[in-house]
Amino acid sequence: MFDLIHRILGPFQSFMQQGGGGLLLPEMMLVLFAMGILLTDHLLEVRDKFFNALMAMLGVIFSAITLWQLRRVAEGGAVGFSHSLVVDPFFIFFGLIFLIATALVILLSVRYLQIEDENHGEYYALMLFATVGMMFMVSGYDLIVEFLGLETMALSFYVLAGFLRRDKRSNEGAVKYLLLGAFSSAILAYGFSILYGIGATANLSSTEGPLPPRTNLEVIQAAIEFRGHGDLLVILALVTVIAGMFFKIAAVPFHQWAPDVYEGAPTPITAYISVASKTASFAMLLRLLLTVFWPLRLDWAMLVAGVAIASLTIGNFAAITQTNVKRMLAYSSISHVGYILLGIVAAASSTLGFMTGMKGVAFYLFVYGFMTIGAFAVLIVLQRQGIIGDELDDLNGLYRRSPLSAAVLLIFMLSLAGIPPLAGFIGKYFILQALIETGHTRLALFGALYIVPALYYYFRIVAHAYLYEPGNAPSPVITLGQRISFAVLCFVTVAAGIYPEPFVKLATYSLFFPTTFSGH
Amino acid sequence: MEFYNTHILTVVLFTPLVGSLLLLFVPRDSENAHRVIGNLFAFLGFLVSLPLIWRFSLSPTADRYQFMENVDWIPSIGAHYSLGIDGISLCLVILTTLLGLISILSSWSAIKIRRKEYYLLFLLLQVGMLGVFMSLDFFLFYMFWEVMLVPMYFLIGVWGSDRRLYAAIKFFLYTLIGSVIMLLGILALYFKAGGGTFDIPTLLATASSFDTKTQVLLFWAFFFAFAIKVPMFPFHTWLPDAHTEAPTAGSVILAGVLLKMGTYGFIRFSLPLLPQDPAARHKIITIMLVVSVISILYGALVCMMQKDMKKLVAYSSVSHLGFCTLGIFALTPHGLSGSVIQQLNHGLSTGALFLLIGVLYERRHTRLISEFGGLSTPMPNFAAVYMIATLSSLGLPLLNGFIGEFMILRGTYEVSIKYAAWASIGIVLGAAYLLWLYQRVMFGPVTNPANEHMEDLNAREYATLIPLIILCFWIGIYPKPLIRVLERPVQQIVQQVNPGYYGAERAAAPAVNGEAAPAESPAGAAVPAMDSMPGMAMPANPGETPAPATEGKRP
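Scope of this entry: the structure provided in the associated data block.

Basis of the calculations
- Residues take numbers from 1 onward in each chain, read along the sequence in its written order.
- Naming scheme: in the order in which they are written, chains are lettered from A and ligands are numbered from 1.
- For this predicted model, a pLDDT threshold of at least 70 governs which residues receive local features, and a threshold of 80 or more governs which side-chain atom pairs are given and counted, while totals over whole chains, interfaces and linings are taken from all residues.
- As a rule here, side-chain values cover all heavy atoms of the structure and leave hydrogens and water aside.
- Segments assigned H or I by DSSP are reported as helices when at least four residues long, segments assigned E as strands when at least two residues long, and all are numbered from the N terminus.
- Three exposure classes are used, based on accessible area relative to the maximum for each residue type with a 1.4 Å probe and protein chains only: buried under 20%, partly exposed in between, and exposed over 50%.
- Contacts are assigned to residue pairs with any non-hydrogen atoms lying within 4.5 Å of each other.
- Charged residues are defined narrowly, with Lys and Arg counted positive, Asp and Glu counted negative, and His plus the chain ends left uncounted.
- To locate a charge, the coordinates of NZ of Lys, CZ of Arg, CG of Asp or CD of Glu are taken.
- As defined in this context, the radius of gyration uses C-alpha atoms, and a globule is described by 2.2 Å times the residue total to the power 0.38.
- Accessible surface is estimated by sampling points in the Shrake-Rupley manner with a 1.4 Å probe; for residues, cover comes only from the protein chains shown.
- In this analysis, the expected span of each helix is defined as 1.5 Å times one less than the number of residues it contains.
- By definition, no residue in a patch forms a salt bridge, and every one has over 30% relative accessible area; like charges are joined within 9 Å, nonpolar side chains (Val, Leu, Ile, Met, Phe, Trp, Tyr) within 5 Å.
- By convention in these notes, a salt bridge is any Lys or Arg side-chain nitrogen within 4 Å of a carboxyl oxygen on Asp or Glu.
- For the purposes of this section, nonpolar cores are sets of buried Ala, Val, Leu, Ile, Met, Phe, Trp, Tyr and Cys residues that join through side-chain atoms within 4.5 Å.
- Aromatic contacts are taken between Phe, Tyr and Trp rings whose centres are within 6.5 Å, Trp giving its six-membered ring; a plane angle under 30 degrees counts as stacked, one over 60 as edge-to-face, and the others as tilted.
- Should the NZ of a Lys or the CZ of an Arg lie within 6 Å of a ring centre and within 35 degrees of the ring normal, that charge is described as sitting over the ring.
- Grid points spaced at 1 Å and placed over the protein atoms alone form the basis of the search, with a cavity being a set where a 1.4 Å probe fits but cannot get out and a pocket an open set showing protein on both sides within 12 Å along at least five of seven lines. Lining residues have an atom within 4 Å of a point.
- Grid points are joined across faces, edges and corners, and a volume is the space filled by probe spheres set on the points.
- Classes in brief: Ala, Val, Leu, Ile, Met, Phe, Trp, Tyr, Cys and Pro nonpolar; Asp, Glu, Lys and Arg charged; the others, Gly included, polar.
- Strands are labelled as partners when DSSP assigns at least two bridges between them.
- An axis is simply a line fitted to the C-alpha atoms; with a helix, the fit covers only the stretch in contact. Between two such axes, the angle follows the N-to-C directions and lies from 0 to 180 degrees.
- Between 65 and 115 degrees an angle is taken as roughly perpendicular, under 35 as roughly parallel, over 145 as roughly antiparallel, and anywhere else as oblique.
- Each crossing gets its handedness from the near helix: less than a right angle anticlockwise from the far helix is left-handed, clockwise is right-handed.
- In this description, buried area is defined as the sum, over both parts, of the accessible area (probe of 1.4 Å) that is lost when the two are combined.
- Pairs of N or O atoms are called polar contacts if they sit within 3.5 Å, as long as, within protein, a hydrogen donor faces a hydrogen acceptor (for residues adjacent in sequence, only side-chain-to-side-chain pairs).

## Things to note about the overall build of chain B
Thought 1: Per the secondary structure count, chain B includes 23 helices and two strands.
Thought 2: The buried share of chain B, taken over its 555 residues, is 64%.
Thought 3: Contacts in chain B between residues far apart in sequence, at least 24 positions, make up 80% of those at least 6 positions apart.
Thought 4: Positive and negative side-chain charges in chain B, numbering 34 and 32 respectively, have mean positions lying 6 Å apart.

This is the structure in structure tokens:
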């Protein structure tokens, strides 16, 4: 009997120990639990559907535990699966963000799905699959793995965005997302194929041990370095890859899908897309820019700076006129992308700016997640039968109907606008600091001045919640899950503003690239 | 008590915060509790700030900044929780706690809705303002500077009058534009100085060794934040809206304290950041003086044609604050200490005027001048107090306004008679619009039947006004203690930014020991006092700023 078990588990054990399978544990946990949800879902009565959420939550918790245990390995920078996967602090940091975001969105989803009467297990399973995709996007050290991760995530999101089958806007958003997403994936795949071709020119004769495949990021980096600046093929690859990634992070001019998808998707999924999907795409973009395209940093820094300014401009000014809060937040998140891109520009400019800039980017992405989910969480609380609660007028007099949600709304709006002492301010502070440090005074001036229009539209929301008289809308009911997520979101937003030290340490930790790669 | 002795500034700073946190836990429907707690903590805040007055050391050997506290806050960027005050900040801190108490007391019956939030926000506002005057760390300073915008936005937006939404967001956005540019200035200063510290005295001391171009850029980066806050002439348009729409207590705090943050910023940051290069510096000084004079005259002229009493007083602030900036950028000890005194005066007399208008508004729910007339008949005591406040505001001798304006004009005269002459026209205009207002509202027969039976001041209103009136008389009759408090910081600043001033002084009076006589020298310390008046107009810094009045300026 024991022998039988051993014989079955033996290969598995050796795979986990020697084959590098341990590096996949966080992803494995998520997949296991997602499968579990799909299997048990149809056994559940309608009133027991919350069990799915519980299961998904457990999956996230187990995944987080394994992620935590990987941190030892990560310090040395573990590479597995013939150089196609890497577990380093960068991965741990972003994996943590994804898991936290997933957990918070699960907490916020339960009641939303009940009200919409779309309480299916697939919802949670798809969320977990999306998380797996994001994790591969960050840990992938190989073009194929990264692309697969990206597609896993994107496919899950196409379905999730259209999850409200009976809602026209949801369907419209999902179709737009699918078509434009597929288009951008094609562009990205084209860029990757060029990179694959370029990889053939790498001179790998000096490498010891088994040769890494031509899709490995470092191999391609070596090849690009070998080919030098002016190579047309390299530029073409750079432009197509960056364009594909800019679509995913919704940077101008690839942003048009965002407002429609944000508005149509179920609100928890809107929060999830705008935080987790964006963060994952940023992580992958960073991975590509900091490895493959690092030799070309002076070329792409200009490009990124232009896109950043365009994103800030269009995001901020388009947001001013919106009357739908979800659309407004969509545009505002485009402007946040602008800030983060400015941080990347600073990081690319000099070795001095690299640390500050990347610290700013990591810190910004971290707190951006919390405050954005927070803003959407308030909208989720407002939702009730037949009303999505995403129009500005739905917020009227919120202070009287629900002082708690009005108070947290104020915190998140102030933080998003960048008013001290909240997390958003510290994030913007680091970005501006990095820009000034690297001598990009003009970009810094742009970044700083765009705080002003941003404040204007964020305070339109605040004004509706505090200064307008409530209509006859009822007081929202806040469930326990929503209370817990409010507490977590508020705590981080306020704590990272008043005492940012531990969060700065966490952001700095993520920059520790211990891999064999030695570009900087 | 031990904690209080060692952390007196922290206690003063956070007493109101304790009050507002406590208010969070008071149930919404117990209305009286909110009022009582709000007033109690405002009073406590004033009480704990009083010992600062006698504990503040005037000895010339004392530290420049006293009651210092310094704790590491965000080591990764070098920000500290660092507090300390000198004579100038001391005056403004006391003004803040006093006006905070008075305006909270004045809201007792004026605020009828959402009292909980009102007192909570007001106390938060106190924390922000006190923090600005106490911070010795740029990061901390910026945080307080921004934080107080939020409660003020709500005070105007929730409890204001008809156009409150517009006024509130306008106030916020205007101030924010200046603030974000200042943030860049702070960052630039931080990096130019080598990074690692946000300590204000250190950074400002390093700033004097930068090249001229950087210094000029830094000056302008800081300029906008302060000029908008003061407000100086082209940046003033938020002020009439905000003052007019805010509730009475909000107007009192806005005029009394918030505007002083701008002038305080000019004194504390802009002056040390002035470029060392004489030509660049002269250019900046000229611009500042001209803009100040324009503010004085423009504010006064606009006052003449206002129909709304509150708006009139609001515009008079532009004019009065013009005097303050004029005194600051004269760069003479008299101008500078006169400016600080004028800032206090403005807080007291304009605060009193806003309170008085609030009294009328509470009774009649209008502020239009044409609605009133002959009020001295039904409200004689009100008319008397109003008279004192008016006279104090227009600068009648024996009242506080005179001292401030006199010292500023005297300091300006040392630089150029032109500016002084133009500014004194502003005083005449000030008398005109204030007295004309008084005449229209108070004198003559009661034309409007609604005014016939208006109640005179009640006990609580007396309680808010009497302290202000007493202080007005005190500063007007015996300003010496105030001048002594300001003596040392003013001297230090002038020595730093206008070293030629004392050089010329020494050359003119060889009796003073001719060697290097820095801050410690008691002879030097006596210079800015009022008694060394005659003969100082002529040798005004011929070496440092070459012929400022005659050549450098177009008419």
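## Section: the overall build of chain A
Thought 1: Scanning chain A from N- to C-terminus turns up 22 helices and two strands.
Thought 2: Its C-alpha radius of gyration of 23 Å places chain A within 12% of the 24 Å reference for a compact globule of 520 residues.
Thought 3: Based on the C-alpha atoms only, the size of chain A along its principal axes is roughly 75 × 70 × 40 Å.
Thought 4: The 520 residues of chain A split such that 64% are buried.
Thought 5: Contacts in chain A between residues at least 24 apart in sequence constitute 80% of all its contacts with a sequence separation of at least 6.
Thought 6: When the accessible surface of chain A is summed, it comes to about 18500 Å², and 68% of that surface belongs to carbon and sulfur atoms.
Thought 7: Averaging the coordinates of the 28 positive side-chain charges in chain A and doing the same for the 30 negative ones gives two points 5 Å apart.

## Looking at helix α18 (residues 400-415) of chain B
Thought 1: For α18 of chain B, which comprises 16 residues, the first-to-last C-alpha distance of 24 Å matches the rise-based estimate of 22 Å (1.5 Å per residue) to within 8%.
Thought 2: Of all 16 residues in α18 of chain B, 13 are buried; the element is thus mostly enclosed.

## Here's the deal with a nonpolar patch on the surface
Residues and elements named next belong to chain A.
Thought 1: Together, Leu-4, Ile-5, Ile-8, Leu-9 and Phe-12 make up a nonpolar patch on the protein surface, roughly 490 Å² of accessible area in all.
Thought 2: Summarising the element assignment, Ile-8 is placed in helix α1 (residues 2-17).
Thought 3: Given the relative accessible area of 58%, Ile-8 is considered exposed.

## Some details on the side chain of Thr-372 of chain A
Thought 1: Within the element layout of this structure, Thr-372 of chain A appears in helix α15 (residues 351-382).
Thought 2: Aside from chain neighbours lying at most four places away, what touches Thr-372 of chain A is Ser-274, Val-275 and Leu-416 of chain A.

## Brief notes about the nonpolar core
Thought 1: By size, the foremost hydrophobic cluster in this structure holds 406 residues, and its most contacted members are Leu-195, Phe-293, Trp-300 and Leu-341 of chain A together with Phe-138 and Phe-139 of chain B.
Thought 2: Per element, the largest residue contribution to this core is 21 residues, and it comes from α15 of chain A.
Thought 3: Apart from residues no more than four positions distant in its own chain, Leu-341 of chain A is found in contact with Phe-246, Ile-249, Ala-251, Phe-282, Leu-285, Val-304, Val-307 and Ala-308 of chain A.

## Notes on the packing of aromatic side chains
Thought 1: Applying the stated criterion across every chain, the model contains 66 aromatic pairs over all chains.
Thought 2: Each ring, one from Tyr-429 of chain A and one from Phe-139 of chain B, has its centre 5.0 Å from the other, and the planes form 90°; the classification is edge-to-face. Here Tyr-429 of chain A, found in helix α18 (residues 423-437), pairs with Phe-139 of chain B, found in helix α7 (residues 138-147), and the two come from separate chains. Side by side, Tyr-429 of chain A and Phe-139 of chain B carry an identical accessibility label, which is buried.
Thought 3: In this structure, Arg-114 of chain B packs its charged tip against the face of Tyr-399 of chain A, placed 3.3 Å from the ring centre.
Thought 4: Sitting over the face of the ring of Trp-436 of chain B, Arg-440 of chain B holds its NZ or CZ atom 3.7 Å from the ring centroid.

## Remarks on the layout of surface pockets
Thought 1: By volume, the largest pocket amounts to about 1600 Å³.
Thought 2: Around the largest pocket, the lining comprises 44 residues; the ones closest to its centre are Ile-411 of chain A together with Leu-21, Leu-24, Leu-120 and Leu-124 of chain B.
Thought 3: Put simply, the parts of the chain that give the lining of the largest pocket at least two residues each are α17 (403-417) and α21 (480-498) of chain A together with α2 (8-24), β1 (66-74), α6 (115-134), α7 and α8 (149-159) of chain B.
Thought 4: Per-element tally for the lining of the largest pocket: the top contributor is α17 of chain A, with eight residues.
Thought 5: Residues belonging to the lining of the largest pocket are distributed by class as follows: 37 nonpolar, two polar and five charged.
Thought 6: A volume near 600 Å³ is recorded for the second largest pocket.
Thought 7: Considering the residues around the second largest pocket, the lining is formed by 35 residues, among which Ala-110, Ile-111, Trp-159, Pro-247 and Tyr-361 of chain B are closest to the centre.
Thought 8: Counting residues per element, the ones that place at least two in the lining of the second largest pocket are α16 (398-401) of chain A together with α8, α13 (248-273), α16 (333-364) and α20 (459-477) of chain B.
Thought 9: If you tally residues by element for the lining of the second largest pocket, the top one is α16 of chain B, at six residues.
Thought 10: Counted by class, the lining of the second largest pocket contains 16 nonpolar, eight polar and eleven charged residues.

## Quick look at the pattern of salt bridges
Residue and element names in this part refer to chain A.
Thought 1: This model, assessed by the stated rule, comprises 21 salt bridges over all chains.
Thought 2: Between Glu-118 and Arg-166 there is a salt bridge whose closest N-O contact spans 2.9 Å. Here Glu-118 is found in the loop between α5 (89-116) and α6 (121-139), whereas its partner Arg-166 is found in the loop between α7 (143-161) and α8 (168-199), with 48 residues between them in sequence.
Thought 3: Relative accessible area serves as the criterion here: at 1%, Glu-118 is assigned to the buried category.

## Description of the pairing of strand β2 (residues 79-85) of chain B
Residue and element names in this part refer to chain B.
Thought 1: In terms of burial, β2 is a largely internal element, six of the seven residues being buried.
Thought 2: For β1 and β2, the ladder comprises six bridges, and the chain directions are antiparallel. Bridged to Val-71 within β2 is Tyr-81.
Thought 3: Joining the antiparallel neighbours β1 and β2 is a turn of four residues, in which Gly-78 adopts a positive phi near 80°.

## Here we look at unusual backbone geometry
Thought 1: Backbone torsion omega between Pro-420 of chain A and Pro-421 of chain A reads 0°, so that peptide bond is classified as cis.
Thought 2: With respect to the element layout, Pro-421 of chain A can be found in the loop between α17 and α18.
Thought 3: Of the consecutive residues Val-230 of chain B and Pro-231 of chain B, the connecting peptide bond is found in the cis state with omega at -15°.
Thought 4: Position of Pro-231 of chain B relative to the elements: it lies in the loop between α11 (212-229) and α12 (238-245).
Thought 5: Despite not being glycine, Ala-250 of chain A has its phi angle at roughly 60°, a positive value.
Thought 6: Here Ala-250 of chain A shows up in the loop between α10 (232-249) and α11 (257-264).
Thought 7: The backbone of Leu-398 of chain B shows a phi angle near 80°, a positive value even though the residue is not glycine.
Thought 8: With respect to the secondary-structure elements, Leu-398 of chain B resides in the loop between α17 (380-394) and α18.

## Re the packing of helix α3 (residues 50-69) of chain A against α6 of chain A
Residues and elements named next belong to chain A.
Thought 1: Where α3 contacts α6, the axes come no closer than 8 Å and their chain directions differ by 20°. Classified by the angle their axes make, α3 and α6 are roughly parallel. Along this stretch, α3 crosses α6, giving a crossing that reads as right-handed. Between α3 and α6, the residues in contact are Asn-52, Ala-53, Ala-56, Val-60 and Ser-63 and Gly-121, Tyr-124, Leu-128 and Met-135, respectively.
Thought 2: For the contact of α3 with α6, the per-class residue count stands at six nonpolar, three polar and no charged.

## Looking at the interface of chain B and chain A
Thought 1: The interface of chain B with chain A comprises 33 residues on the first partner and 36 residues on the second.
Thought 2: In total, chain B and chain A occlude about 3100 Å² of area from one another, counting both sides; carbon and sulfur atoms represent 82% of this.
Thought 3: Ranking the residues of chain B by area buried against chain A places Arg-114, Leu-184 and Phe-191 of chain B at the top, with a combined share of 17%.
Thought 4: Counting across the chain B and chain A interface gives zero salt bridges.
Thought 5: Our count for the contact surface shared by chain B and chain A stands at four residue pairs in polar contact (both at pLDDT 80 or more).
Thought 6: Elements with a minimum of two residues in the side of chain B that touches chain A: β1, α7, α8 and α9 (164-192) of chain B.
Thought 7: The leading source of residues in the side of chain B that touches chain A is α9 of chain B, at 14 residues.
Thought 8: Within the side of chain B that touches chain A, the residues separate by chemical class into 27 nonpolar, two polar and four charged.

## What to know about the side chain of Asp-308 of chain B
Residue and element names in this part refer to chain B.
Thought 1: Along the chain, Asp-308 falls in the loop between α14 (278-304) and α15 (309-329).
Thought 2: Within the local environment of Asp-308, its side chain forms a polar contact with the backbone nitrogen of Lys-310, the two atoms lying 2.8 Å apart.
Thought 3: Look past the residues within four positions of Asp-308 in its chain and what remains in contact with it is Thr-244, Arg-367, Leu-368 and Ile-369.

## Topic: the environment of Phe-81 of chain A
Thought 1: With respect to the helices and strands, Phe-81 of chain A occurs in the loop between β1 (78-80) and β2 (85-87).
Thought 2: Look at Phe-81 of chain A and you get partly exposed, because its relative accessible area is 29%.

## Description of the environment of Leu-360 of chain B
Residue and element names in this part refer to chain B.
Thought 1: Structurally, Leu-360 can be placed in helix α16.
Thought 2: Relative accessible area serves as the criterion here: at 1%, Leu-360 is assigned to the buried category.
Thought 3: If sequence neighbours within four positions are ignored, Leu-360 has contacts with Met-309, His-365, Phe-372, Leu-375, Met-379, Phe-382, Val-441 and Met-454.

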